[in-house]
Structure formats: C-alpha cells, structure tokens
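One-letter residues, chain by chain:
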Amino acid sequence: MTDKQFSIVLALKNATHNEGTNNLERFARIGLPTYEKFMKKEDVAEFIIVCPMAEMEKIKQVTAVYEGWNWKIYGEEQLLHIGLRAGWAKQQTIKLAIAPLVKTGEYLIIDDDTYLTRPFGYDNLRTKSGKLIMNRINIDFPFFYLWSNQILDYDFDKVQDFPVNMAITPEIFNTSVVRDLVKLLVTKYGSQKQWQLKLEQNKFTEYALYWIYLQMINKTDMYDLNEKSPQLYNYAITSNDQPLEKYIDLAFNDKKSPFYFSFVQSSTSYKVDEIYDVVKKYVDI
C-alpha cells in the first residue's frame, strides 16, 4: 500500500426495488466490467464490499472472476446495530461505519448501479488545485439536509446559505474526517452502535451528514467548489422518462464536461438486460 492509493467502498445486497432483478446481478454484469476496463487497479488499495453474511459466498464467486483486485468482503452484521431495519438506513450507515477499517486517506463510495465511463485513478481524485472533486448541487432534497442537521445540532441557516452542497453517490470521503464524525456521534448518542439507531430515526443521508460536519469543522475547502471543476458523475438516469440509450451514449461519449461516472438508478424500471445491452456497446463485456 502506498500514499498514492485510495479504497473503493460498496454496500451490496441482492434485493432491489423492482421485481425480477437484483443488485448483485446489476453490479456483476454492468458496473464491475467498467471498473475492470477503466479503473487503474494499482491505485486501488482495497475494493471493499459490505454485504449480508448470507450473501457473502455468492458475492465471492462473482469477485473471484476478476483478478488483480484486493477484495475485502465484510458482513454487514459486523458493522451494523442489530436493531437497524430499513434497507436504506443500512446502506447509508455502512458508508460511515466502514471508515475505521479503511486503510487509505480517502475512499470512493460507489453503488451497485454506478458504472465508470473513462479512465480513473488516484490522480483523478483531485483537480490541479490539489483539492478533492465532488458532485456539487444546491440542496435538492431539503428535508434530508434538515434531518441530517438535526443529528449534529448545527445552525441550519448556515447549511442553507452555503453556496454548494454534496450530492448523492458516487462521492469521495476523507477517511479521518469520517472517523471523527463517527466519534462525535458515539459521544452524543452512545457506543455499542447506538448512534446508528439515531441516524435511522432521523432519515439522514450519509452525504448530507458528512457535508454538514465538514462545515462545522471548517474543512469544506478540502474539496474543489469551483463550478467549472470536474464532477464525479453526469448523465445519471433517475426517472423512467429519461431515454436509456441517449443518456448512456452521452455518459461514454461527452468529452466536453469533465466527469467519470454515471448510473441508472435501481429505482427506475429499466431492467438489467436492457442496461447491459446498451453498455456493452462501449465496454467489452
């Protein structure tokens, strides 16, 4: 492991929003082949997957096909409070609770529906300014930020007035910052993973909680907030009225706006076969 490496973190389980498809299949057939093609493996210290213990062997069978990655697979039961019930809460809590096990300074969070569209490695984590890249948005779901902010008891006027905010996965998290955030949550809400139950009760999002905490400790400047700087993703499909072929073609072929990832959100009705048939035109799968 070197100083010029990062980790990848993925919370993965079979179940999905739609009948007749599953997240593991989506990751195995679409996302993973794009990482195999475009990701600089030597820059990835560990590819970490957190999944239900009952699905671990099946996931190991998928990852075993792809050599050259340093796979680390953990059971979610090792990280999460047994009282967590909601799937969304488990997925988002994993992205924070994993920080003590991450060995690199930063980790890239992806989802099963994320795919990579062009070469990406350690040097792409930052812009020429030396600051981390992120997905910059206005507060698109204000209640997520409000509920997340209530956990930290921060001044919500400052959150609302901040010029930009962090968007959904994929995102890059600073490992030490997340560790400090978790320490704060443990202090406020109790050890033995009690803090995780508080997160679920408040319908938080991991990116909102993390970004608000960065504001609290005055470290948002570790990210490049310039609106002309690269973002992590573009041309994401988040609703059924967005045409699949058009958006995927733009994701792979648009060279004008700098970005690296895209995704077809698993909550849409697009099936894995449909997505696969389009993506395979651009990736040898």
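Residues numbered from 1 in each chain as written. Predicted model: local features only at pLDDT ≥ 70, side-chain atom pairs only at ≥ 80, totals over all residues. Heavy atoms only, no water.

Please clarify how helix H10 (residues 272-279) should be interpreted in this entry.
What H10 keeps buried is the set Val272, Ile275, Tyr276, Val278 and Val279. Buried residues in H10, looked at end-on, bunch into an arc of 165°, giving them a common side. Structurally, H10 contributes buried residues whose contacts are with helix H1 (23-38) and helix H9 (244-253). (Buried < 20%, exposed > 50% of the residue type's maximum accessible area, 1.4 Å probe, protein only. Helix = DSSP H or I, 4+ residues; strand = E, 2+ residues; numbered from the N terminus. Arc of directions from axis to C-beta. Contact = heavy atoms within 4.5 Å.)

How should the side chain of asparagine 14 be read in this particular structure?
Residue position: asparagine 14 is located in the loop between strand E1 (6-11) and H1. A relative accessible area of 17% means that asparagine 14 is categorised as buried.

Could you clarify how one ought to interpret the packing of aromatic side chains in this entry?
Remark: the centre distance and the inter-plane angle together describe each pair of aromatic rings, the angle taken between the planes. Applying the stated criterion across every chain, the model contains 22 aromatic pairs. Judged by centre distance (6.0 Å) and plane angle (90°), the rings of phenylalanine 6 and phenylalanine 120 are edge-to-face. Taken together, the residues phenylalanine 6 in strand E1 and phenylalanine 120 in the loop between strand E5 (114-116) and strand E6 (136-137) connect sequence positions 114 residues apart. Exposure class is identical for phenylalanine 6 and phenylalanine 120. Each is buried. Measuring from ring centre to ring centre gives 6.0 Å for tryptophan 69 and tryptophan 71, while their planes differ by 45°; the resulting arrangement is tilted. Of the two residues, tryptophan 69 and tryptophan 71, both sit in the buried class. (Phe/Tyr/Trp six-rings, centres within 6.5 Å; stacked < 30°, edge-to-face > 60°.)

Can you walk me through the side chain of glutamine 92 in this structure?
In this structure, glutamine 92 sits in helix H3 (residues 87-97). Only 2.8 Å separates the side chain of glutamine 92 from the backbone oxygen of phenylalanine 204, close enough to count as a polar contact. Apart from residues lying up to four places away in sequence, glutamine 92 is in contact with Phe204, Thr205 and Glu206. (Polar contact = N/O pair within 3.5 Å; in protein donor to acceptor, adjacent residues only side chain to side chain.)

Looking at this model, I keep getting lost on the packing of H3 against helix H7 (residues 194-201). Mind explaining?
Think of two packed helices as two axes; the pair is described by the angle between the axes and how far apart they sit. Remark: H3 packs on H7, axes separated minimally by 10 Å, with the N-to-C direction vectors making an angle of 130°. Viewed along their axes, H3 and H7 adopt a mutual orientation that is oblique. In this structure, H3 meets H7 at a crossing whose hand is right-handed. Facing H3, whose interface residues are Trp88, Ala89, Thr93, Leu96 and Ala97, H7 presents Trp195, Gln196, Leu199 and Glu200. Grouping the amino acids of the contact of H3 with H7 by side-chain chemistry returns 6 nonpolar, 2 polar and 1 charged. (Axes fitted to C-alpha atoms, helices over the stretch in contact; angles between N-to-C directions. Parallel < 35°, antiparallel > 145°, perpendicular 65-115°, else oblique. Left-handed = near helix turned anticlockwise from the far one by under 90°. Nonpolar A, V, L, I, M, F, W, Y, C, P; charged D, E, K, R; others polar.)

How do you make sense of the pattern of salt bridges when you look at a structure like this?
Opposite charge on two side chains permits them to pair, given that their charged atoms come into close proximity. Counted by the stated rule, this structure contains 14 salt bridges. Salt-bridge contacts for glutamate 57 lead to lysine 60; the nearest nitrogen and oxygen are separated by 3.9 Å. Of the two residues, glutamate 57 and lysine 60 are both situated in helix H2 (residues 56-63); the distance of 3 residues between them amounts to about one turn of the helix. A salt bridge links arginine 126 to glutamate 106; the shortest N-O distance between them is 2.6 Å. (Salt bridge = Lys/Arg side-chain N within 4 Å of Asp/Glu carboxyl O.)

Honestly, the sheet that holds strand E2 (residues 44-51) in this entry has me stumped. Any pointers?
For sheets, the rule is that strands pair by backbone hydrogen bonds, running either parallel or antiparallel. Strand order in the open sheet formed by 5 strands is E3-E2-E1-E4-E8, and the pairing between neighbours is mixed. Only two strands of the sheet have a single partner each, and these edge strands are strand E3 (71-75) and strand E8 (171-174). Averaged over all neighbouring strand pairs, the angle between strand axes comes to 25°, with direction disregarded. Across the sheet, helix H6 (residues 175-189) touches strand E4 (106-110) and E8, and the angle it forms with E8 is around 70°. (Pairing = 2+ DSSP bridges.)

How should the packing of helix H4 (residues 142-152) against helix H8 (residues 206-216) be read in this particular structure?
At a minimum axis distance of 9 Å, the contact between H4 and H8 shows a crossing angle of 55°. Taken together, H4 and H8 sit at an angle that is classed as oblique. Of the two elements, H4 crosses H8, and the hand of that crossing is right-handed. In contact with Phe144, Tyr145, Ser148, Asn149, Ile151 and Leu152 of H4, H8 contributes Tyr207, Ala208, Leu209, Trp211, Ile212, Tyr213 and Met216. For the contact of H4 with H8, the per-class residue count stands at 11 nonpolar, 2 polar and no charged.

Even after reading the chapter, I still don't get the pairing of E4, so can you show me in this structure?
Successive residues of a regular strand alternate their side chains across the two faces of the sheet. Most of E4 sits out of view: 5 of its 5 residues are buried. Residues Glu106, Leu108 and Ile110 point to one face of E4 and Tyr107 and Ile109 to the other, with burial holding for every one of them. Across 4 bridges, E1 lies against E4 in parallel orientation. Bridge pairing in E4 places valine 9 opposite isoleucine 109. Judged from the 4 bridges that link them, E4 and E8 form a sheet pairing that is antiparallel. Residue isoleucine 109 lies in a different strand from E8, and its bridge partner there is glutamate 171.

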